[in-house]
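# Tertiary structure, described
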Amino acid sequence: MASRPIVYHIPVCPFSQRLEILLALRGIPDAVEFRVVDITRPRDPDLLALTRGTTALPVIVDPGGGVLKESLVILRYLDESLPGGPLRRTDPAEHAVESMLVAKEGPFTMAGYLFVMNQDREAREAHREKLLRLYREIDEFLCDHSPDGPFLFERFRLAEAVFTPIFQRFWFLDYYEGFALPDDDAFTRVRRWRDACMAEPAADQVCEEEIVKLYYDYALGAGNGALVAGRKRSSFVFDPHWSKRPWPPRDKYDTSPTDEALGLAS
Ligand SMILES: N[C@@H](CCC(=O)N[C@@H](CS)C(=O)NCC(=O)O)C(=O)O
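So, how was this worked out
Residues numbered from 1 in each chain as written. Predicted model: local features only at pLDDT ≥ 70, side-chain atom pairs only at ≥ 80, totals over all residues. Heavy atoms only, no water. Buried < 20%, exposed > 50% of the residue type's maximum accessible area, 1.4 Å probe, protein only. Helix = DSSP H or I, 4+ residues; strand = E, 2+ residues; numbered from the N terminus. Pairing = 2+ DSSP bridges. Right-handed = clockwise from strand over helix to strand, strands pointing away. Domains from an automatic or database assignment. Contact = heavy atoms within 4.5 Å. Buried area = accessible area lost by both parts, 1.4 Å probe. Salt bridge = Lys/Arg side-chain N within 4 Å of Asp/Glu carboxyl O. Polar contact = N/O pair within 3.5 Å; in protein donor to acceptor, adjacent residues only side chain to side chain. Axes fitted to C-alpha atoms, helices over the stretch in contact; angles between N-to-C directions. Near = heavy atom within 4 Å. Areas by Shrake-Rupley, 256 points an atom, 1.4 Å probe, with all protein chains shown as cover. Nonpolar A, V, L, I, M, F, W, Y, C, P; charged D, E, K, R; others polar. Core = buried A, V, L, I, M, F, W, Y, C linked by side-chain atoms within 4.5 Å. Expected span 1.5 Å × (residues − 1).

## Brief notes about the pairing of strand β1 (residues 6–9)
The two faces of β1 match: I6 and Y8 on one face and V7 and H9 on the other face are all buried. Relative to strand β2 (residues 33–36), β1 is paired through four bridges, and the arrangement is parallel. Paired with I6 across the two strands is E33, which belongs to β2. You can see the chain leave β1, run along helix α1 (residues 14–26) and come back into β2, and the turn it takes is right-handed. Relative to strand β3 (residues 59–61), β1 runs antiparallel, the two sharing three bridges. Residue pairing in the sheet places V7 in a bridge with I60 of β3.

Written out as structure tokens, the structure is:
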């Protein structure tokens, strides 16, 4: 029997990064054993048996052999079971407030991913508007519950660990869609929250260059390690390492470079 929980994860996955942030904040990065899964290769049958056929990661196997899925579930499980002060608020009313903010992450994440994957130039503005509407909702929530901030409570906690990896993934929108929060009062509070989240040293697992290069295929409409037509290698391959590849073209609508041009040919 394993002595510590095992997390199966895809490197650079924002959902797994939530767990890494928790461990970094606690100062116990080795409390969990991470096992890397290559999203560009067929899934190991043993892992598929463990997950009963589902492929989404992260998945955690606790020392007793129990299997848990869904990053928010795993995050809360680790928060409550690992040593050290919890990220979550212990006061029930405050925990309810942070849970309301956490509940906004699904639509927010989805809107950003659909935006980067969109291949219809005519639909760009609608995607942008949708994402801005969700940013505005978060702004209003923070103005109501934590007008001074920058965090929801006194420091980086549960809601911040949930949203920060998503804010960082949205670097792909800055790069491929020229997206930026408008310089408008409606976004002042959420901008302050986002900036404070991104500045947290315990959330430095990824950088903008890495996200932009690895997620290039998302910008061409191919998610989760799928291959773009005409290509043999995914932008998520481990080798060549992203740092050795050129920056991809910003224009995602009219170009579809070769593996060679993207520095992906091994
Ligand atoms: N709601 C899930 C989403 C997990 C998810 O979509 N993970 C991606 C990696 S970032 C994945 O495993 N993709 C491969 C697949 O779904 O087969 C969570 O929060 O854990």
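So much for the structure itself; the text now carries on.
## Digging into the domain arrangement of the chain
Once the domains are mapped, the chain shows domain 1 (6–81), domain 2 (92–170 + 180–203) and domain 3 (207–266). On a C-alpha basis, the centroid separation for the pair domain 1 and domain 2 is 24 Å. Each side of the interface is counted separately: domain 1 has twelve residues, and domain 2 has 18 residues. Of the roughly 1300 Å² buried where domain 1 meets domain 2, counting both sides, 63% is carbon and sulfur surface. It is R18, I21 and R76 in domain 1 that bury the most area against domain 2; as a group they hold 40% of the surface buried on that side. Viewed at the interface, domain 2 and domain 1 are joined by one salt bridge. Across the salt bridge formed by R18 and E105, the nearest N and O atoms sit 2.7 Å from each other. On the surface where domain 1 and domain 2 come into contact, there are six residue pairs in polar contact (both at pLDDT 80 or more). Contributing elements (two or more residues each) for the side of domain 1 that touches domain 2: α1 and α3 (71–81). At seven residues, α1 tops the list of elements feeding residues into the side of domain 1 that touches domain 2.

## Comments concerning the sheet that holds β2
A sheet is described by the order of its strands in space; here four strands give the open sequence β2-β1-β3-β4, paired in mixed fashion. Edge positions in the open sheet fall to β2 and β4 (67–69), since each of these has one partner strand only. Adjacent strand axes in the sheet meet at a mean angle of 25 degrees when their direction is disregarded. Of the strands in this sheet, β3 and β4 touch α3, which is tilted by about 125 degrees from β4.

## Focus: the site of the ligand
Taken together, I10, C13, P14, F15, I39, T55, A56, L57, P58, E70, S71 and N224 make up all the residues around the ligand. The contact in question runs from a nitrogen atom of the ligand to an N or O atom on the side chain of N224, over 2.8 Å. Contact with the protein chains covers 79% of the free accessible surface of the ligand, which is 510 Å². When its residues are assigned to classes, the shell around the ligand shows eight nonpolar, three polar and one charged.

## A short note on the side chain of H9
Along the chain, H9 turns up in strand β1. A relative accessible area of 7% places H9 in the buried class. In contact with H9, other than residues within four places in its own chain, are S16, E20, F34, R35, V36, V37 and L57.

## A few points about the nonpolar core
Formed by 79 residues in total, the largest nonpolar core has its most connected members in F108, Y135 and W193. Setting aside residues no more than four positions away along its own chain, W193 makes contact with L101, I138, L142, P150, F151, L152, A159, E160, F163 and F167.

## Details of α1
Helix length check: α1, at 13 residues, gives a terminal C-alpha distance of 19 Å against a target of 18 Å (1.5 Å per residue), a fit within 8%. Of the residues making up α1, those classed as buried are P14, S16, Q17, R18, L19, I21, L22, L23 and R26. Against β1, β2, α3, α5 (105–117) and α7 (158–169) lie the buried residues of α1. Within two residues after α1, G27 carries a phi angle of roughly 75 degrees, on the positive side.

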